Structure formats: C-alpha cells, structure tokens
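Survey of secondary and tertiary structure
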Amino acid sequence: YTTYGYNLIGCAVEGAAGMSFEQFLEDKIWATVGMYATGLDHGRGPSARRAQGYRLTLDGQIEDCLVSDNSAKFPGGGMVSTVDDLLRFVDGIYRQQLLRAETVEMMWTSGKTRAGKTTGYGLGWSLGKAPEGDREIYHTGNQQGASTLLYLRPEKRFAFAWLTNREGLQERLQVARQIYRLVEGK
C-alpha cells in the first residue's frame, strides 16, 4: 500500500469514468449504499464532519492536533466518515451492491512477490488468518489526529468499524478480534 499508488489509481478512475474522483465516489459508491455522512476532507477549517484530533506527547500527555490539508492524499486517504457509513459500505460489499463476488475475491486475494511468496495484502486490504482459523480482512487508516480500522470476517458476514480521533493507536487489530469473540460468544 502506498498513498501515491492509490492517488495514481484515482487518476485512472477519473479517466475511465469521465468525472472527478470525488464525484465518482459520491455517485457510484456513497449514494449507492447510503453513505451520506462520508466525504473528502478538504481541510478548510472547522467542520461538522470532522472531530478535533488528538495525539499523545512524548511525556504521555494528550494534546490537540492542528487541522491538516489532506487534499494531496485523495484518493489514498484524507476522507471523513462515520461508523454507520463504513458499515453500510461493508454491507454493500457483502450484498454485492458495489462489486461482483468474483471481483471482491480478487480484491481479497494476496499479492505475490516475484519469488512467489504471498504478501498478505490484496487490493486495499490486509489479509490474514484469525486465531480461530477463518479469514480476516481489514484496512487501517492513520493520519494526523486519527486512527481507524475496518475489520471483516466475511465467512461470518461480520464487520467492525473503529474510528477514533487520536493518532498512533497500535492495538486496533487485537481489539477487533476481542470484539469479534464477544459478539460470537467465543
């Protein structure tokens, strides 16, 4: 994964669709599954769509993060959303409203090195085996003042979205696994 790589993909989407990347997202993804609280964060000052971001200082204190202009990251990052909208996105994937099942499986298939070793990364998703043995698929996000995780167990149609307005959180995957166990009664 590189932000620059996804920026390049965004250019390809714009060329193929004949519209801006933002308009493509609005028309073809967000409106399709009802993600009306999601958008690109243009960083133009205070916004009802963005919570104040925080970070942990070296001496363990919490401090405000400055608002950053994330427009150089589109589409590799710099979006704002809600837990509800992210779960609508996953539901749209599970129900095949956004992509055909075979396309999703391609997206959730690990890349390979020239030597044939799997990378554990598909198209935008980290891929692995959960401690219980089934597939887990997730995407983390990090930027100034924010840490996120979208965690899936597709065979169980389970999804967990975690958005927090503190940067640098490291234990998101472990917490998502614990939430899964609680929900599944394991």
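Residues numbered from 1 in each chain as written. Predicted model: local features only at pLDDT ≥ 70, side-chain atom pairs only at ≥ 80, totals over all residues. Heavy atoms only, no water.

**Section: the pattern of salt bridges**
In plain terms, the rule: By salt bridge we mean one thing: a side-chain nitrogen of Lys or Arg within 4 Å of a carboxyl oxygen of Asp or Glu. Buried residues are those whose accessible area, probed at 1.4 Å on protein chains only, stays under 20% of the maximum for their type, while exposed residues exceed 50% and partly exposed ones sit between those limits.
For the coordinates displayed, the defined rule picks out 10 salt bridges. Of the charged contacts, one joins E102 and R100 as a salt bridge, the two residues approaching to 3.0 Å between their closest N and O atoms. Residue classification places E102 among the partly exposed residues on the basis of a relative accessible area of 49%. In this structure, a network of salt bridges that share partners links the residues E132, D134, R153 and R181.

**Focus: the sheet that holds strand 6 (residues 135–143)**
Spelled out, the test is: Any two strands between which DSSP finds at least two bridges are classified as paired. Runs of E in the DSSP output that reach at least two residues are strands. Runs of H or I that reach at least four are helices, and both are numbered from the N terminus. Fitting a line to C-alpha atoms yields each axis, with helices limited to the stretch in contact; the angle taken between N-to-C directions then spans 0 to 180 degrees. Should any heavy atoms of two residues lie within 4.5 Å, those residues are considered in contact.
The strand order 5-6-7-8 describes an open sheet built from four strands, whose pairing is antiparallel. Each having just a single partner strand, strand 5 (126–129) and strand 8 (158–164) make up the two edges of the open sheet. The sheet shows a mean angle of 20 degrees between the axes of neighbouring strands, direction not considered. Two elements, strand 6 and strand 7 (residues 146–153), share seven bridges in a ladder whose sense is antiparallel. When the sheet's bridge partners are listed, N142 is paired in strand 7 with S147. The sheet strands contacting helix 3 (residues 83–94) are strand 7 and strand 8, and the helix crosses strand 8 at an angle near 150 degrees.

**Quick look at the side chain of R153**
Going by this rule: N or O atoms closer than or at 3.5 Å make up a polar contact, with two conditions inside protein: a donor-capable atom paired with an acceptor-capable one, and, for residues adjacent in sequence, both atoms drawn from side chains.
Relative to the helices and strands, R153 resides in strand 7. Polar contacts involving the side chain of R153 include one to the side chain of E132, which spans 3.0 Å. There is a polar contact of 2.7 Å between the side chain of R153 and the side chain of Y151. With residues up to four places along the chain from it excluded, the contact list for R153 reads Y94, A130, P131, E132, D134, R135, E136, F158, R177 and Y180.

**Let's talk about the nonpolar core**
So the rule is basically this: Within this scheme, the nonpolar core is defined by two criteria: the residues are buried Ala, Val, Leu, Ile, Met, Phe, Trp, Tyr or Cys, and they are joined through side-chain atoms within 4.5 Å.
The biggest cluster of nonpolar side chains holds 13 residues, and the ones touching the most others in it are W108, W125, I137, L150 and L152. Counting only elements with at least two residues in this core, the list comes to helix 3, helix 4 (101–107) and strand 7. It is helix 3 that contributes the most residues to this core, four residues altogether. Apart from residues no more than four positions distant in its own chain, I137 is found in contact with W108, W125, S126, L127, L150, Y151, L152 and P154. In this structure, A130, L149, F158 and F160 belong to the second largest nonpolar core, which totals nine residues.

**Overview of the side chain of S147**
Note on placement: S147 falls in strand 7. On the accessibility criterion, S147 (0% relative accessible area) is buried. A distance of 3.1 Å separates a polar side-chain atom of S147 from the backbone nitrogen of G168. There is a polar contact of 3.2 Å between the side chain of S147 and the backbone nitrogen of L169. Leave out the neighbours within four places in its chain, and S147 touches G141, N142, W162, L163, T164, R166, E167, G168, L169 and R172.

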